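Coordinates in review
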Number of protein chains: 2
Amino acid sequence: MEAMKIKFGVIGLNHSHVFAMVDGLLKTGQAECVAYFAPEKELQAQMQKASPQIPLARNAAEILENPDIQLVCSASINNDRGPLAVQAMRHGKDFFVDKPAVTTLSDLDEIERVQRETGRLWFVWYGERLMDPASQKGIELLESGVIGRLVNFIGLGPHKLRRPTRPAWMFVPEQYGGIINDVGIHQIEMFTHLGGGKPTVTSSRLGNFGTPDIPSFHDFGDATLTAPNGATAYVRVDWFTPESMPTFGDIRNILVGTKGMMELRKTVDLAVDNNRFTGHQLLLVTNEKAPHRISCEGIKVTLYDDIIRDVRERQNRCVPHAASFAACRATLEAQSRAIRLTQ
Amino acid sequence: MEAMKIKFGVIGLNHSHVFAMVDGLLKTGQAECVAYFAPEKELQAQMQKASPQIPLARNAAEILENPDIQLVCSASINNDRGPLAVQAMRHGKDFFVDKPAVTTLSDLDEIERVQRETGRLWFVWYGERLMDPASQKGIELLESGVIGRLVNFIGLGPHKLRRPTRPAWMFVPEQYGGIINDVGIHQIEMFTHLGGGKPTVTSSRLGNFGTPDIPSFHDFGDATLTAPNGATAYVRVDWFTPESMPTFGDIRNILVGTKGMMELRKTVDLAVDNNRFTGHQLLLVTNEKAPHRISCEGIKVTLYDDIIRDVRERQNRCVPHAASFAACRATLEAQSRAIRLTQ
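Residues numbered from 1 in each chain as written. Chains lettered and ligands numbered in written order. Predicted model: local features only at pLDDT ≥ 70, side-chain atom pairs only at ≥ 80, totals over all residues. Heavy atoms only, no water.

Quick word on the overall build of chain A
What chain A contains, in helices and strands, is 11 helices and 14 strands. Its C-alpha radius of gyration of 20 Å places chain A within 12% of the 20 Å reference for a compact globule of 343 residues. In chain A, buried positions account for 63% of the 343 residues. Of the roughly 12800 Å² of accessible surface on chain A, 52% is carried by carbon and sulfur atoms. Considering chain A, the positive charge centre built from 38 side chains and the negative charge centre built from 39 side chains are found 2 Å apart. (Helix = DSSP H or I, 4+ residues; strand = E, 2+ residues; numbered from the N terminus. Rg over C-alpha atoms; globule rule 2.2 N^0.38 Å. Buried < 20%, exposed > 50% of the residue type's maximum accessible area, 1.4 Å probe, protein only. Areas by Shrake-Rupley, 256 points an atom, 1.4 Å probe, with all protein chains shown as cover. Lys, Arg positive; Asp, Glu negative; His and termini not counted. Charge placed at Lys NZ, Arg CZ, Asp CG, Glu CD.)

Encoded structure:
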């Protein structure tokens, strides 16, 4: 007998990731989206076009107060995501949110407190790890010891700014939450996963090199971190990828272990075979064998199925709270304590 | 009429770089090596084999006191290089030394003082910049603005340890001077060149992940730096390159500018075309054009000719003292102030 579909609602369409998240949940065949709400007419039109069968609610409260809804999915404006998580959990819903899930340490404190009190589940869409076959395979190989013990992790998250396409709130620091928090969370979350818990931030910096007309905006950020297992990391994020890049950014992880090296080229293999887009499948390993490519074919990303299973079974396996809180906390520390470079 | 050859002597053969340095000077056809000294019999034998025409002096003083010798060339034990520079300059000689040129800030102070007092020339062999066609071309392109203003520089200097082949002094901290100073000088010197002067060290770390039997040894080091022109850097060096790597290490620089990106793969292009050794010629640029390779063919490295010209003309063009002192000082600061990671 087929299990009943879980019912979810959507609040906030302010980043296009939400369309992938909704689509992913629907494609499992085990979830039904019963309503969505976004105040912006143009985003409503996008949702209407993408999923005309999903009705628009009158407001967020209608979704939060609907007793049939088990899960609220959101990519609202960054600084609304923390308070919305708290509201959703207080209304008895699980919450599935785009990264960054939170923009301040006090909001994170509140999310942690309410999650513990309510026992609701709080899932964050860490796309560069959970949706990426090379990351899945790389983590599996690292954990099986192919490059020995992790010594250093470099996470590079360059992006195209495409400034005319960005919403106004991205340039309001309080709403946006900063570049390290928005983009660096991917890298720091991956390192938290590899490093055995919350890393310590050793140093971090923020700079504005290319956006002098908005002095409060940062188009560059970096951080060094040290993990509980002793591994070290450097994370660098920026908004300087040229339009000519055949993908949104050349996302890379470079790992050194005591017995070898590993490089994940997650989006593009630069200047090779006509800038081949790798389909998230380029993993280079050097260990007792000379540098070689590892196939990531057949690696399935199972995040959406895993979320539905956790919701049904009241388990916290696929995006464990402790690690997720730790990653957000380290990232918010790197963001909030960063040296502001003067230009 | 052919100019008279300059006469040089060699003191200290403790790193094999010295054989490349001597060979490079001789191949200009404008220099003659009149004597060498090294106390170690096995290193004397290597020199005898490489250049049987060069006579062994009785001691270092015989070279320092020889009035015919204009230039002393050295790759002695790291911590002897600073005092030897001072001795050579006080004896009226110019000095050409392998990197690292100095292991302590007080030795650097003394070198600077004596250089100013004597007006002698102090050349350091910064091989990864001055001997590398991709670096030469990359700097030329950066300075011509192809990726805009420099935002971030990542310098990776992984190396094979090949521990049984290393001399005992490498594992004596005072003699060796540390991994950031020994290996990271390449990266920090490049960044000093690109950044317009002495960078500020924001953070640095040292770790021993793979050599627990020698607790005072560090097989990992990193640092973040900020340059006078506002550019940021991350430098990482380690001794974990596996023997299977087809070169001594996968040396890379990754640059982000306000208008593009540049990657220098100086020694190997991993897992492409049978791990092609690039002949120091792989330079990848993404700017208004999609990612593309830039040929470094025809780029000549002219360090040895330049040294001889500077010696003859009493100029300080090819390895300017101010930049060289700045690079050594920043590197020694990163080394001496580093957080020692506990494992």
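Further notes follow.
Concerning the pairing of strand S4 (residues 94-98) of chain A
Residue and element names in this part refer to chain A. Counting buried positions along S4 yields five of five residues, so the element is predominantly enclosed. Side-chain alternation along S4 places Asp94, Phe96 and Asp98 on one buried face and Phe95 and Val97 on a second face that is also buried. Here strand S3 (residues 71-75) runs beside S4; their pairing, made up of four bridges, is parallel. Counterpart to valine 72 in the pairing with S4 is phenylalanine 95. A crossover connection joins S3 to the parallel S4 through helix H4 (residues 81-90); in handedness this β-α-β unit is right-handed. Strand direction decides the pairing type here: S4 and strand S5 (residues 122-125), joined by four bridges, are parallel. Each residue of the ladder has a partner; that of phenylalanine 96, found in S5, is phenylalanine 123. In this region the chain leaves S4, passes through helix H5 (residues 105-118) and returns to the parallel neighbour S5; the handedness of that crossover is right-handed. (Pairing = 2+ DSSP bridges. Right-handed = clockwise from strand over helix to strand, strands pointing away.)

A few points about helix H5 (residues 105-118) of chain B
All names here are of chain B. Here H5 spans 20 Å end to end across 14 residues, near enough to the 20 Å set by a 1.5 Å rise per residue. Within the span of H5, buried status applies to Leu108, Ile111, Glu112, Val114 and Gln115. Turning to H5, the residues buried within the fold contact helix H4 (81-90), strand S5 (122-125) and helix H11 (321-336). (Expected span 1.5 Å × (residues − 1). Contact = heavy atoms within 4.5 Å.)

Let's talk about the domain arrangement of chain A
A common way to report how large an interface is uses the accessible area buried once the components associate. All names here are of chain A. Assigned domains within chain A: domain 1 (6-125) and domain 2 (129-300 + 333-340). Centre-to-centre, using C-alpha coordinates, domain 1 lies 26 Å away from domain 2. Every contact between the two is made by 11 residues of domain 1 and, on the other side, 13 residues of domain 2. Summing the contributions of domain 1 and of domain 2, the shared interface buries around 1100 Å²; its carbon and sulfur component is 55%. Contact with domain 2 buries surface across domain 1, with Ile77, Asn78 and Lys99 losing the most and accounting together for 38% of the total. Between domain 1 and domain 2 we count one salt bridge in total. One salt bridge connects lysine 99 with aspartate 182, and the closest N-O pair in it is separated by 3.2 Å. Taken together, the connections running from domain 1 to domain 2 amount to four residue pairs in polar contact (both at pLDDT 80 or more). Class assignment for the residues of the side of domain 1 that touches domain 2 results in six nonpolar, four polar and one charged. (Domains from an automatic or database assignment. Buried area = accessible area lost by both parts, 1.4 Å probe. Salt bridge = Lys/Arg side-chain N within 4 Å of Asp/Glu carboxyl O. Polar contact = N/O pair within 3.5 Å; in protein donor to acceptor, adjacent residues only side chain to side chain. Nonpolar A, V, L, I, M, F, W, Y, C, P; charged D, E, K, R; others polar.)

A short note on the relation of the copies chain B and chain A
Turning chain B through 180 degrees and shifting it by 0.0 Å along the axis lays it on chain A, with an RMSD of 0.0 Å. Viewed as a symmetry operation, the transformation between the two copies matches a two-fold axis. Minimal C-alpha separation from the rotation axis in chain B is found for B:Ser203, amounting to 3.2 Å. Take the interface residues of chain B: 100% of them recur as interface residues in chain A, which is what a same-surface contact looks like. (Least-squares fit on C-alpha atoms with pLDDT ≥ 70 in both.)

So, the environment of A:Lys160
Residue and element names in this part refer to chain A. Relative to the helices and strands, lysine 160 resides in the loop between strand S6 (150-158) and helix H8 (173-176). Accessibility expressed as a relative area gives 9% for lysine 160, which makes it buried. Considered as a pair, lysine 160 and glutamate 65 are 95 residues apart in the sequence and their alpha carbons are 39 Å apart. In contact with lysine 160, not counting residues within four places along its chain, are Arg166, Trp239, Thr241, Pro242, Glu243, Met245, Thr247 and Phe248. Of the polar contacts made by the side chain of lysine 160, one reaches the backbone oxygen of methionine 245; its length is 2.6 Å.

So, the packing of H5(A) against helix H11 (residues 321-336) of chain A
Each pair of packed helices can be described by the angle between their axes along with the distance between the axes. Residue and element names in this part refer to chain A. Two elements in contact, H5 and H11, have axes separated by 10 Å at closest approach and are oriented at 170 degrees. Relative to H11, the element H5 is oriented roughly antiparallel. Crossing of H5 over H11 shows left-handed handedness. On H11, the residues that touch Leu105, Leu108, Asp109, Ile111, Glu112 and Gln115 of H5 are His321, Phe325, Cys328, Arg329, Leu332, Glu333 and Ser336. Across the contact of H5 with H11, the residue classes break down as six nonpolar, three polar and four charged. (Axes fitted to C-alpha atoms, helices over the stretch in contact; angles between N-to-C directions. Parallel < 35°, antiparallel > 145°, perpendicular 65-115°, else oblique. Left-handed = near helix turned anticlockwise from the far one by under 90°.)

Brief notes about the interface of chain B and chain A
Contact residues are listed per partner, giving 56 residues for chain B and 56 residues for chain A. Here chain B meets chain A over a buried area of about 4200 Å², counting both sides, of which 64% is carbon and sulfur. Considering only the surface of chain B that becomes buried against chain A, B:Arg205, B:Phe209 and B:Pro291 emerge as the three largest contributors, covering 14% of it. On the surface where chain B and chain A come into contact, there are two salt bridges. The interface formed by chain B and chain A holds 13 residue pairs in polar contact (both at pLDDT 80 or more) in total.

Considerations on the sheet that holds S5(B)
Residues and elements named next belong to chain B. Sheet architecture is open: five strands sit in the order S2-S1-S3-S4-S5, paired in parallel fashion. The sheet terminates laterally at strand S2 (31-37) and S5, the two strands that pair on one side only. The mean inter-strand angle of the sheet, taken between neighbouring strand axes irrespective of direction, is 20 degrees. This element, H4, spans strand S1 (6-13), strand S3 (71-75), strand S4 (94-98) and S5 of the sheet and lies at about 165 degrees to S4.

A short note on the pairing of S6(A)
On a regular strand, each side chain points to the face opposite its neighbour's, so the side chains alternate between the two faces of the sheet. All names here are of chain A. Counting buried residues in S6 gives nine out of nine residues, a clear majority hidden from the surface. As paired elements, S6 and strand S10 (residues 252-257) share six bridges and run antiparallel to each other. Of the residues in S10, the one forming a bridge with phenylalanine 153 is leucine 255. As paired elements, S6 and strand S9 (residues 232-238) share seven bridges and run parallel to each other. Considered in S9, the bridge of glycine 157 is made with valine 237.

A few points about unusual backbone geometry
All names here are of chain A. Note the cis peptide between lysine 99 and proline 100, where omega equals -5 degrees. Unusually for a residue other than glycine, arginine 314 sits at a positive phi of about 50 degrees. Judged by relative accessible area, arginine 314 falls into the partly exposed class, the value being 36%.

A look at the packing of aromatic side chains
For any pair of aromatic rings, the description rests on two quantities: the centre-to-centre distance and the angle between the ring planes. Going through the model one piece at a time under the given rule, you end up with 13 aromatic pairs over all chains. Ring centres of B:Phe209 and B:Phe220 lie 5.8 Å apart, and the angle between their planes is 90 degrees; this geometry places the pair in the edge-to-face category. Within this pair, whereas B:Phe209 is found in the loop between strand S7 (200-207) and strand S8 (220-226), its partner B:Phe220 is found in strand S8, the two being separated by 11 residues in sequence. By relative accessible area, B:Phe209 is classed as buried at 6%. Residue classification places B:Phe220 among the buried positions, given a relative accessible area of 0%. An aromatic cluster is defined as three or more aromatic residues linked by ring pairs; in this entry it consists of A:Phe171, A:Tyr176 and A:Phe217. (Phe/Tyr/Trp six-rings, centres within 6.5 Å; stacked < 30°, edge-to-face > 60°.)

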